[in-house]
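Structural description and commentary
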Amino acid sequence: MRFVLAGQPNSGKSSIFNSVAGYRSATANFPKSSISFTATKTLIAGREVEVVDLPGIYSVTSSDTVAGPAERYLLNESYDLIVNVVDASRLGRSLELTLQLLGLGRPMIVALNMMDEARRRGVEIDHEELSELLGVPVVTTISRLGRGLKRLFRESLRHATFAVSSTPPTYDREVEEAVEQVRAAIDQDDSIPDIPSRFVAIKLLEGDAHLSDRFRSRAPDLMDRVADVANHLEEVHGWSADQVVSGSRHAVAHSIEDRVVIHQSSKEGWRERADRLLLNEWTGGPLMVLILAGFFWLVFGVGQRVEAPLVVGFNWLQGSVAEQFPPGSLTATIADGLVMGLAGGVAIVLPYLIPFLLGLAILEDTGYLPRLAYILDSFMHRIGLHGKSVLPLILGYGCSVPAIMSTRILESEKDRRITAVLTSFIPCSARTVVIFGLVAAFMGPMWALAIYLLNIFVIVVLGTVLAKRMKGASPGLVLEIPDLSLPEVKTLVAKTWLALKEFITIAWPLLIASSIVLGVLEWADAADSINALLSPLTVWMLGLPAAVGMTLVFGVLRKELTLVMLVQALGTTDINTVMTTQQLLTFTLFVVFYVPCIATIAVLARQMGWRGAAAISGFTVVVAVVVSVSGRVFYSLFF
Amino acid sequence: MMTLDTVGIKRQARVIMIDGGQKVRSYLNTLGIHIGDWLTVVQRAPFRGPVLVEVHGTRVALGRGVASKIQVDMDGVVEHLSGPMEAVEAGK
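Note that the structure is predicted; figures quoted are calculated from it, not measured.

Brief notes about the confidence of the model for chain A
For chain A, per-residue confidence averages 85 on the pLDDT scale, and 96% of positions sit at 70 or higher. Element-level mean pLDDT values for chain A span from 59 in strand β2 (residues 25-29) of chain A up to 96 in strand β8 (residues 138-140) of chain A.

Overview of the interface of chain A and chain B
Put simply, an interface is often sized by how much accessible area is lost when its parts join up. Chain A puts 41 residues into the contact, and the matching count from chain B is 38 residues. Around 3400 Å² of area is buried between chain A and chain B when both sides are counted, 55% of it from carbon and sulfur atoms. Considering only the surface of chain A that becomes buried against chain B, E281(A), Y374(A) and V478(A) emerge as the three largest contributors, covering 18% of it. Run the count over chain A and chain B and you get 2 salt bridges. Between D242(A) and R25(B) there is a salt bridge, with the nearest N and O atoms lying 2.9 Å from each other. Counting across the chain A and chain B interface gives 12 residue pairs in polar contact (both at pLDDT 80 or more). Listed by contribution, the elements that provide at least two residues to the side of chain A that touches chain B are α3 (91-102), α11 (241-260), α12 (270-278), α15 (368-382) and β10 (478-480) of chain A. Here the side of chain A that touches chain B takes 6 residues from α11(A), the largest share from any one element.

Details of the packing of aromatic side chains
Residues and elements named next belong to chain A. Taken as a whole and assessed by the stated rule, the structure comprises 12 aromatic pairs over all chains. With a centroid separation of 6.5 Å and 10° between ring planes, the pair formed by Y73 and Y79 is classed as stacked. Overall, Y73 belongs to the buried group, its relative accessible area being 7%. With 6.1 Å between their ring centres and 85° between their planes, F425 and F619 make a pair best called edge-to-face. Here the residue F425 occupies a position in helix α18 (residues 413-425), and F619 occupies one in helix α26 (residues 598-638), the gap between them amounting to 194 residues. Exposure remark for F425: the relative accessible area of 0% places this residue in the buried category. In this structure an aromatic cluster arises from ring pairing among W447, F634, Y635, F638 and F639. The ring of F199 has K203 sitting right over it, with the charged end atom 5.7 Å from the ring centre. The ring of F215 has R214 sitting right over it, with the charged end atom 5.7 Å from the ring centre.

Let's talk about helix α20 (residues 445-469) of chain A
Given 3.6 residues per turn, any residue in an α-helix points the same way as the ones three and four places further on. Taking 1.5 Å per residue as the helical rise, α20(A) with its 25 residues ought to reach 36 Å, and the 36 Å between its terminal C-alpha atoms agrees with that figure. The elements touched by buried residues of α20(A) are α13 (284-324), α18, α19 (429-443), α25 (581-593) and α26 of chain A.

A look at the confidence of the model for chain B
Residues and elements named next belong to chain B. Per-chain confidence: chain B averages 79 in pLDDT, with 80% of residues scoring 70 or above. For chain B, helix α3 (residues 85-91) is the element with the lowest average pLDDT, namely 47, and strand β4 (residues 51-55) is the one with the highest, namely 92. Across residues 76-89, where pLDDT falls below 50, the model places 22 contacts with residues more than four positions away in sequence or in other chains.

What about the pattern of salt bridges?
All names here are of chain A. The full count for this structure, using the stated rule, is 27 salt bridges over all chains. Where R371 meets D275, a salt bridge forms, and the shortest distance between an N and an O atom there is 2.6 Å. Taken as a pair, R371 in helix α15 and D275 in helix α12 lie far apart in primary sequence, 96 residues in all. Taking the relative accessible area as the measure of exposure, D275 reaches 5% and is therefore buried. Two residues, E413 and R417, come together in a salt bridge whose shortest N-O distance is 3.1 Å. Of the two residues, E413 and R417 both sit in helix α18, 4 residues apart, roughly one turn of that helix. Look at E413 and you get partly exposed, because its relative accessible area is 42%. When salt bridges with common partners are traced through the structure, they connect D87, R90, R93, E117, R120, R121, E272, E480 and D483 into a single cluster.

What to know about the nonpolar core
Residue and element names in this part refer to chain A. I575, F587 and F593 are the most contacted members of the largest nonpolar core, which has 108 residues in total. Broken down by element, this core gets its largest block of residues, 12 residues, from α26. When neighbours within four sequence positions are excluded, F587 is seen to be in contact with L438, L544, V548, T551, L552, T562, L566 and M579. By size, the runner-up hydrophobic cluster in this structure holds 68 residues, among which are A6, L54, L74 and L204.

Considering the domain arrangement of chain A
All names here are of chain A. Domain annotation of chain A identifies domain 1 (2-162), domain 2 (173-263) and domain 3 (284-638). Between domain 1 and domain 2, the C-alpha centre-to-centre distance is 24 Å. With both chains or domains summed, domain 1 and domain 2 bury close to 2100 Å², and 64% of this area falls on carbon and sulfur atoms. When the buried surface of domain 1 facing domain 2 is broken down by residue, T61, L75 and E96 rank first, second and third, together holding 23% of it. Scanning the region where domain 1 abuts domain 2 turns up 1 salt bridge. The residue R259 makes a salt bridge to E129 at a minimum N-O spacing of 3.5 Å. Elements supplying a minimum of two residues to the side of domain 1 that touches domain 2: α2 (67-76), α3, β7 (123-125) and α5 (127-134). Sorting elements by how many residues they give to the side of domain 1 that touches domain 2 places α3 first, with 7 residues. Taken together, the residues of the side of domain 1 that touches domain 2 break down into 12 nonpolar, 8 polar and 8 charged.

Description of the environment of N113(A)
Residue and element names in this part refer to chain A. In this structure, N113 sits in strand β6 (residues 108-113). Residues N113 and G148, 35 residues apart in the sequence, show an inter-C-alpha distance of 9.0 Å. Setting aside residues up to four positions removed in sequence, N113 forms contacts with S11, G12, I16, V85, V86, D87, A88, T141, I142 and S143.

Description of unusual backbone geometry
Residue and element names in this part refer to chain B. Unlike most non-glycine residues, K10 shows phi in positive territory, near 70°. With relative accessibility at 42%, the residue K10 sits in the partly exposed group. For F47, which is not glycine, the phi dihedral falls at a positive 55°. In this structure, F47 sits in the loop between β3 (38-44) and β4. Its relative accessible area of 64% is what places F47 among the exposed residues.

About the thresholds
- Residues numbered from 1 in each chain as written.
- Chains lettered and ligands numbered in written order.
- Predicted model: local features only at pLDDT ≥ 70, side-chain atom pairs only at ≥ 80, totals over all residues.
- Heavy atoms only, no water.
- pLDDT = per-residue confidence, 0-100.
- Helix = DSSP H or I, 4+ residues; strand = E, 2+ residues; numbered from the N terminus.
- Contact = heavy atoms within 4.5 Å.
- Buried area = accessible area lost by both parts, 1.4 Å probe.
- Salt bridge = Lys/Arg side-chain N within 4 Å of Asp/Glu carboxyl O.
- Polar contact = N/O pair within 3.5 Å; in protein donor to acceptor, adjacent residues only side chain to side chain.
- Phe/Tyr/Trp six-rings, centres within 6.5 Å; stacked < 30°, edge-to-face > 60°.
- Buried < 20%, exposed > 50% of the residue type's maximum accessible area, 1.4 Å probe, protein only.
- Lys NZ or Arg CZ within 6 Å of the ring centre and 35° of its normal.
- Expected span 1.5 Å × (residues − 1).
- Core = buried A, V, L, I, M, F, W, Y, C linked by side-chain atoms within 4.5 Å.
- Domains from an automatic or database assignment.
- Nonpolar A, V, L, I, M, F, W, Y, C, P; charged D, E, K, R; others polar.

Structure representation (structure tokens):
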């Protein structure tokens, strides 16, 4: 048996999914797209049920890139029940999706979620009346607290067993007539496979891009008919057909809302008061600077305090391990590489990575990120983008890979491309580790901050140039600002752990292995030839020790490796004893800007082809050389 | 005729037309903004930044470009935010 969870973004859908996920959950991609969905198998009343979590969609027809694959899934795949998750505090709008889903004519159940939120806003809902009007069971839930979920899944199982198909809603007369005409044309056409013709007729009248594309080549006569009917509808109504249809659905949704909702006066809570300050035209900007600066100091403060004793500990460990083996032997080299790899992971990466990931999760879960998009919109317009691009860019400070993938929230191709390029320049947490571990630790936090500001400056310049050179229109900012919320400790920990697990299971072993490989290469004197090959860049242009050449090569695998490799290549964790501050600065600048890591290049390639990814990678090297050489010159002139 | 980007803070306005392509329109529709809907302007960001509106209990940020494509009608009522719809209609 298979249930499909469908709902709008921020409806609490994923917390319902997470409550049953666990025993075998897996992420898969929709056919022919990079958009993924999650599925899990779970036991409900002794029966094994597969629960599929579709990405959140506002509407089945929308310009959103996730809507297409989600729509295709809902139309073509086999499943037994749709669990439509509805945000009770935004009933009217949520019902517009519900009405579309009812049009599929499959068995369906509504989870009326976020009941606590609705009550807080002074909204009481007669869920029995709602069930009557929609013709499907309605179960009230508070998924955040896990309330009502057992009942929801028991009811789902029961409803799916009976397999009662839902009845599509009725719209106003003109729409119904138009739908009927298109539907008749679909039913007559033998070339069209068995599909819910009413649903498809409505979508075609609304100009649904995904379905229209599908039918344009297969059934051109049908599309001509649709155009005729749409024109007629427009003549009668004065509005375009898509507005007539969606307006009619809007009216039905709100008349249902009016019948089932009892409004009471709502009190202004801390959320509204906080928002008034956070989004205020005078205080919003300064508060944003304070919040981001606080974030920076937190990461630095925690990291530095934890790092110092760990480094001392590992130096002692390194010394005592070296004593166990004959000096200069292969075993000693391997043991040393192993300790260095371990030390790099524990003593340098973790102290900065954990507070950083935790801080990012807090920014995400409080709902501050969309507010950042709001505040920075006018700034982003200056570099040819708009506020929504802020979200991928901020996520880029965590990891470039999900950040570049998240550019799909942007509507226009131009915005997506520019944002992806700029995101690859944002110092991700791995690069942050290098900035903190070298510059902040040995030169002071102000220097680290200066690197971040320089990075933003370079991005602004790049963005301005790219926006001028690339063609295409951008629709501008249209973004829901969800309520602020107190993040749950449990989800914060889970989020941080998920990101950390990636580091521990994939990056750390790679780090240790690379550290050993570098040690062996050095032992066999092979590293020298690679270093010599790179020395025009490293020694001549950047004024660094030749030994850093190898570390830059390893850095392409994972950016953290540059720091750990540096420790290994120079043979000490007290890097400031072998490199001058000027060299530390130049090295860090180069690492921050040059070639994104392998994983990022792969994602870029998927987004814009291998040629695009190669072009961007080459471009980053040029930028890195320019920036780090300027940094070197600047430092020698003024300090 | 007014457009949404010129409406002041805490003012209510009713959408009478949405200019621009179907893409923008359908996007606004999915966020619950249709012709005939009442919007309340909650905040206006400085430096020609976006307008924050409340519609059916949801807050939506609209860039100035998008807001200038939404033609609205004003009634001059200053209303509470998040207020019930009936109160809005009665106040009109």
